[in-house]
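Each chain is listed here by its residues.
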Amino acid sequence: MSDRTTGPRHRANPVLSVRDFSVDYLGPHTVHAVQQVSLELGRGEILGLAGESGCGKSTLAYGVTRLLRPPAMITSGQAVFHSREGYEIDISALSGQELRQFRWDKIAMVLQGAMNSLNPVISIRSQLEDVFTCHRPNMGRRERLDRCGELLERVGVERRRLRAFPHELSGGMRQRVMIAMALALDPQVLIMDEPTTALDVVVQREILDEIARLRAEFGFAVVFITHDLPLLLEIADRIAVMKAGRIVELNDSFELYTKPEDAYTKRLLASFPSLLGDRGDFIRTGASDARLGATDQKAD
């Protein structure tokens, strides 16, 4: 469980600021995927980003890290990184070698479907070493190997697995390898796009505990993207709820759970059945939500 008492300090010491950020998918029928989003990520904070599939969560993350591909285009706003040393970097203005050096070094990302992001014909060692070869060219071969082994052990995988290929690892192990790769250069921000969706509940719990432990040890901030709002209520300091490309509510996790302000947030919270509640209540709530959803679609 996150330490809720650190919330005000997080907001007073931001590591990432997103201001009036918009992304469109251009074409005959342009799609406004992200619309005028503004939020701040505090240093050491876990910020949850919740919403239904297609609401723009991943597009926002790809836009902030400049990983978008055509026809997607940033149409307004900026993302600013605040370093520990006190200087600011406008991510939106980076290009070429500056952008390549910035990514993975300051901000790293665990991609959606990360378990399948590893190259199936290259060993775990070679894939981890690539990070250091590209970003730390002066690092010697022995130092790279030692560092790769340390990374695996840091996320709870035995060092001997460096010789393994992705198909020889379980889903949970592959996910841990991706997290180790993201943490290789000690980034200050880690963006995790639905990192536990394809895992069973036992492995999911292990991964979440590992993330909490690593954050406490190394002090990085996390943007945790998922459609699983109950999960965010447990692990996040604050939660931003996204609908149709916009942030409709942003609040402390406990406040969002006990006093939701937006109607969409209330419906998201009501869409998860209680373990102890009356089944009839959930059925009636679900029917009401379906009617409200249909009304929203007409309005959009």
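The rules we used
- Residues numbered from 1 in each chain as written.
- Predicted model: local features only at pLDDT ≥ 70, side-chain atom pairs only at ≥ 80, totals over all residues.
- Heavy atoms only, no water.
- Phe/Tyr/Trp six-rings, centres within 6.5 Å; stacked < 30°, edge-to-face > 60°.
- Helix = DSSP H or I, 4+ residues; strand = E, 2+ residues; numbered from the N terminus.
- Buried < 20%, exposed > 50% of the residue type's maximum accessible area, 1.4 Å probe, protein only.
- pLDDT = per-residue confidence, 0-100.
- Contact = heavy atoms within 4.5 Å.
- Expected span 1.5 Å × (residues − 1).
- 1 Å grid on protein atoms, 1.4 Å probe; cavity = no way out; pocket = protein on both sides within 12 Å on 5 of 7 lines; lining within 4 Å.
- Points joined across faces, edges and corners; volume = space filled by probe spheres on them.
- Nonpolar A, V, L, I, M, F, W, Y, C, P; charged D, E, K, R; others polar.
- Pairing = 2+ DSSP bridges.
- Right-handed = clockwise from strand over helix to strand, strands pointing away.

Draft legend 1. Region of the structure containing the packing of aromatic side chains. Taken as a whole and assessed by the stated rule, the structure comprises 1 aromatic pair. Summarising the aromatic geometry, the rings of Phe-81 and Phe-102 are spaced 5.5 Å apart at their centres and angled 80° between planes, so their arrangement reads as edge-to-face. Of this pair, Phe-81 sits in strand S4 (residues 72–82) while Phe-102 sits in helix H3 (residues 96–102), and the two are 21 residues apart along the sequence. Assessed through its relative accessible area of 6%, Phe-102 is described here as buried.

Draft legend 2. Inspection of the environment of Gly-44 at higher detail. Note on placement: Gly-44 falls in the loop between strand S2 (31–42) and strand S3 (46–50). Spatially, the C-alpha atom of Gly-44 lies 8.1 Å from that of Ala-216, the residues being 172 residues apart in sequence.

Draft legend 3. Here's a closer look at the confidence of the model for the protein. With 87% of its residues at a pLDDT of 70 or more, the protein shows a mean pLDDT of 86. Taken as a whole, residues 1–9 scores under 50 in pLDDT and shows 17 contacts with residues more than four places along the chain or in a different chain. With pLDDT under 50 throughout, residues 282–300 is counted as low confidence; its partners more than four residues away or in other chains account for 12 contacts.

Draft legend 4. Here's a closer look at helix H6 (residues 171–182). Taking 1.5 Å as the rise per residue, H6 with 12 residues should run 16 Å; its terminal C-alpha atoms sit 17 Å apart, in good agreement. Those residues of H6 lying buried are Gly-171, Gly-172, Arg-174, Gln-175, Arg-176, Val-177, Met-178, Ile-179, Ala-180, Met-181 and Ala-182. Buried residues in H6 make contact with strand S6 (107–110), helix H4 (124–135), helix H5 (141–154), strand S7 (189–193) and helix H7 (201–218).

Draft legend 5. Region of interest: empty space enclosed by the protein. Summed over the entire model, instances satisfying the criterion amount to 1 cavity of 30 Å³ or more. In terms of lining, the largest cavity is formed by 15 residues, of which the most central are Leu-39, Leu-49, Leu-60, Val-64 and Val-223. Among the secondary structure elements, those contributing two or more residues to the lining of the largest cavity are strand S1 (14–25), S2, S3, helix H2 (57–64) and strand S8 (221–226). Looking at the lining of the largest cavity, the element that brings in the most residues is H2, giving 4 residues.

Draft legend 6. Quick look at the layout of surface pockets. Space inside the largest pocket adds up to approximately 710 Å³. In terms of lining residues, the largest pocket is bounded by 24 residues, among which Trp-104, Leu-111, Val-131, His-135 and Met-181 are the most central. Elements supplying a minimum of two residues to the lining of the largest pocket: H3, S6, H4 and H6. Looking at the lining of the largest pocket, the element that brings in the most residues is H4, giving 5 residues. The class makeup of the residues in the lining of the largest pocket is 13 nonpolar, 7 polar and 4 charged.

Draft legend 7. Structural detail: the pairing of S8. With 6 of 6 residues buried, S8 is to be regarded as a mostly interior element. Burial along S8 is two-sided: Ala-221, Val-223 and Ile-225 facing one way and Val-222, Phe-224 and Thr-226 facing the other are all buried. With 5 bridges joining them, S7 and S8 adopt parallel strand pairing. Bridged to Val-189 within S8 is Ala-221. Where the polypeptide runs from S7 across H7 and back to S8, its parallel neighbour, the crossover connection is right-handed.

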